[in-house]
Amino acid sequence: DGGITQSPKYLFRKEGQNVTLSCEQNLNHDAMYWYRQDPGQGLRLIYYSQIVNDFQKGDIAEGYSVSREKKESFPLTVTSAQKNPTAFYLCASSTRTGGSYTEAFFGQGTRLTVV
Amino acid sequence: KQEVTQIPAALSVPEGENLVLNCSFTDSAIYNLQWFRQDPGKGLTSLLLIQSSQREQTSGRLNASLDKSSGRSTLYIAASQPGDSATYLCAVAPKTSGSRLTFGEGTQLTVNP
């Protein structure tokens, strides 16, 4: 079954702690993305990667870090510098096709709560 | 900077009605436009993708149109059912931003039995 797997589904973070959210895809997609969703707001892009060993900041990258060592994996670390990390985090992937891009596929999300 | 707006923010209809959800975007230079469905607490499910060279796409009871010149897309849902209740999100892939998507805030649809 092809798709995107995010884990864990729920995550609790204590003040001052770094936590890492996992995202794995077996769609053979080149590009992967991390979005943040807050209640009543649209999705905002945190980081994205269009190729292995390369990634770019999105609109709200402060307090987050990523790595892309393998095509299949794009983990997101929420650092202690992120002051308001409680949110729903979504990972997605897509790939280039001809002169455009394929549809983006999303994982089921990780809900992060600060305790 | 590309902006995406969805109207209405919420919609409640009786079962069986045909309905239209609207999406507008400010920059017509896009690779594609995609409609998603999101159930509470879940990820996004892709419904339809319209490439910039296309005018519409259909899947079952869903039909999405794209008018790049006016910066508009509509999602038409025929014979709505309670199971269609969800939030519907529209997203565009601007040519100035590569593959990254810009999302609207969504339309929350409730279909009443």
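Conventions adopted
Residues numbered from 1 in each chain as written. Chains lettered and ligands numbered in written order. Predicted model: local features only at pLDDT ≥ 70, side-chain atom pairs only at ≥ 80, totals over all residues. Heavy atoms only, no water. 1 Å grid on protein atoms, 1.4 Å probe; cavity = no way out; pocket = protein on both sides within 12 Å on 5 of 7 lines; lining within 4 Å. Points joined across faces, edges and corners; volume = space filled by probe spheres on them. Helix = DSSP H or I, 4+ residues; strand = E, 2+ residues; numbered from the N terminus. Nonpolar A, V, L, I, M, F, W, Y, C, P; charged D, E, K, R; others polar. Core = buried A, V, L, I, M, F, W, Y, C linked by side-chain atoms within 4.5 Å. Buried < 20%, exposed > 50% of the residue type's maximum accessible area, 1.4 Å probe, protein only. Pairing = 2+ DSSP bridges. Axes fitted to C-alpha atoms, helices over the stretch in contact; angles between N-to-C directions. Contact = heavy atoms within 4.5 Å. Buried area = accessible area lost by both parts, 1.4 Å probe. Salt bridge = Lys/Arg side-chain N within 4 Å of Asp/Glu carboxyl O.

K.L.:
Lay out the layout of surface pockets in plain terms, naming residues and giving numbers.
P.N.:
One number sums up the size of the largest pocket: a volume of about 1100 Å³. In terms of lining residues, the largest pocket is bounded by 45 residues, among which Gln41(A), Gly42(A), Leu43(A), Gly104(B) and Glu105(B) are the most central. Secondary structure elements with two or more residues in the lining of the largest pocket: strand S4 (31-37), strand S5 (43-51), strand S9 (87-94) and strand S13 (110-114) of chain A together with strand S1 (4-7), strand S9 (86-94), strand S10 (102-103) and strand S11 (107-112) of chain B. Per-element accounting of the lining of the largest pocket gives the leading share, 4 residues, to S9(B). Residue composition of the lining of the largest pocket, grouped by class: 16 nonpolar, 20 polar and 9 charged.

K.L.:
A description of the nonpolar core should follow, citing residues and the corresponding values.
P.N.:
Among the nonpolar cores identified, the biggest contains 22 residues, and Phe25(B), Leu33(B), Trp35(B), Leu75(B), Ile77(B), Tyr88(B) and Leu109(B) are the most heavily contacted of them. Looking at this core, the elements with two or more residues in it are strand S3 (19-25), strand S4 (30-38), strand S5 (44-51), strand S7 (62-67), strand S8 (72-77), S9 and S11 of chain B. Core analysis: the second largest hydrophobic core is formed by 20 residues, Phe88(A), Tyr101(A), Ala104(A) and Leu44(B) among them.

K.L.:
For unusual backbone geometry, give the residues involved together with the corresponding values.
P.N.:
Here the bond from Ser7(A) into Pro8(A) is cis, since omega is -5°, no more than 30 degrees from zero. Within the secondary structure layout, Pro8(A) lies in the loop between strand S1 (4-7) and strand S2 (10-13). A cis amide bond links Ile7(B) with the next residue in sequence, Pro8(B), at an omega value of 0°. In this structure, Pro8(B) sits in the loop between S1 and strand S2 (10-14).

K.L.:
An account of the sheet that holds strand S8 (residues 76-78) of chain A is requested, with residue identities and associated values reported.
P.N.:
Two modes of strand pairing occur in sheets, parallel and antiparallel, and in both the strands are linked by backbone hydrogen bonds. All names here are of chain A. Pairing is antiparallel in the open sheet, where 4 strands are placed in the order S1-S3-S8-S7. Of all the strands in the sheet, the pair left with one neighbour each is S1 and strand S7 (64-66). Taken over all neighbouring pairs, the strand axes of this sheet differ in orientation by 20° on average, direction set aside. Of the strand pairs in this sheet, strand S3 (residues 19-25) and S8 are connected by 3 bridges, and their pairing is antiparallel. From the neighbouring strand, Thr20 faces S8, where its bridge partner is Thr77.

K.L.:
Lay out empty space enclosed by the protein with the relevant residues and their values.
P.N.:
Within the structure shown, the criterion is met by 1 cavity of 30 Å³ or more. Computed from the structure, the largest cavity encloses a volume of approximately 40 Å³. Along its surface, the largest cavity is lined by Ser94(A), Tyr101(A), Thr102(A), Ala104(A), Asn32(B), Gln34(B), Ala93(B), Ser99(B) and Leu101(B).

K.L.:
Please provide a residue-by-residue account of the interface of chain A and chain B, values included.
P.N.:
Across the contact, 28 residues belong to chain A and 21 residues belong to chain B. Taking both partners together, chain A and chain B bury about 1900 Å²; carbon and sulfur atoms supply 50% of that area. Taken together, chain A and chain B are joined by 1 salt bridge. Between Arg100(B) and Asp59(A) there is a salt bridge, and its shortest N-O distance comes to 2.9 Å.

K.L.:
Can you break down the pattern of salt bridges residue by residue, with the values?
P.N.:
For side chains of opposite charge, pairing can occur when their charged atoms come near one another. If you walk through the whole model with that rule in mind, you get 6 salt bridges over all chains. For Arg36(A), the salt bridge identified is with Asp38(A), shortest N-O distance 2.9 Å. Comparing Arg36(A) with Asp38(A) shows no difference in burial state: the two are buried. With a shortest N-O distance of 3.0 Å, Arg37(B) and Asp39(B) are connected by a salt bridge. Asp39(B) gets classed as partly exposed once you look at its relative accessible area, which sits at 27%. Taken together, the shared-partner salt bridges in this structure form one network comprising Arg36(A), Asp38(A) and Arg44(A).

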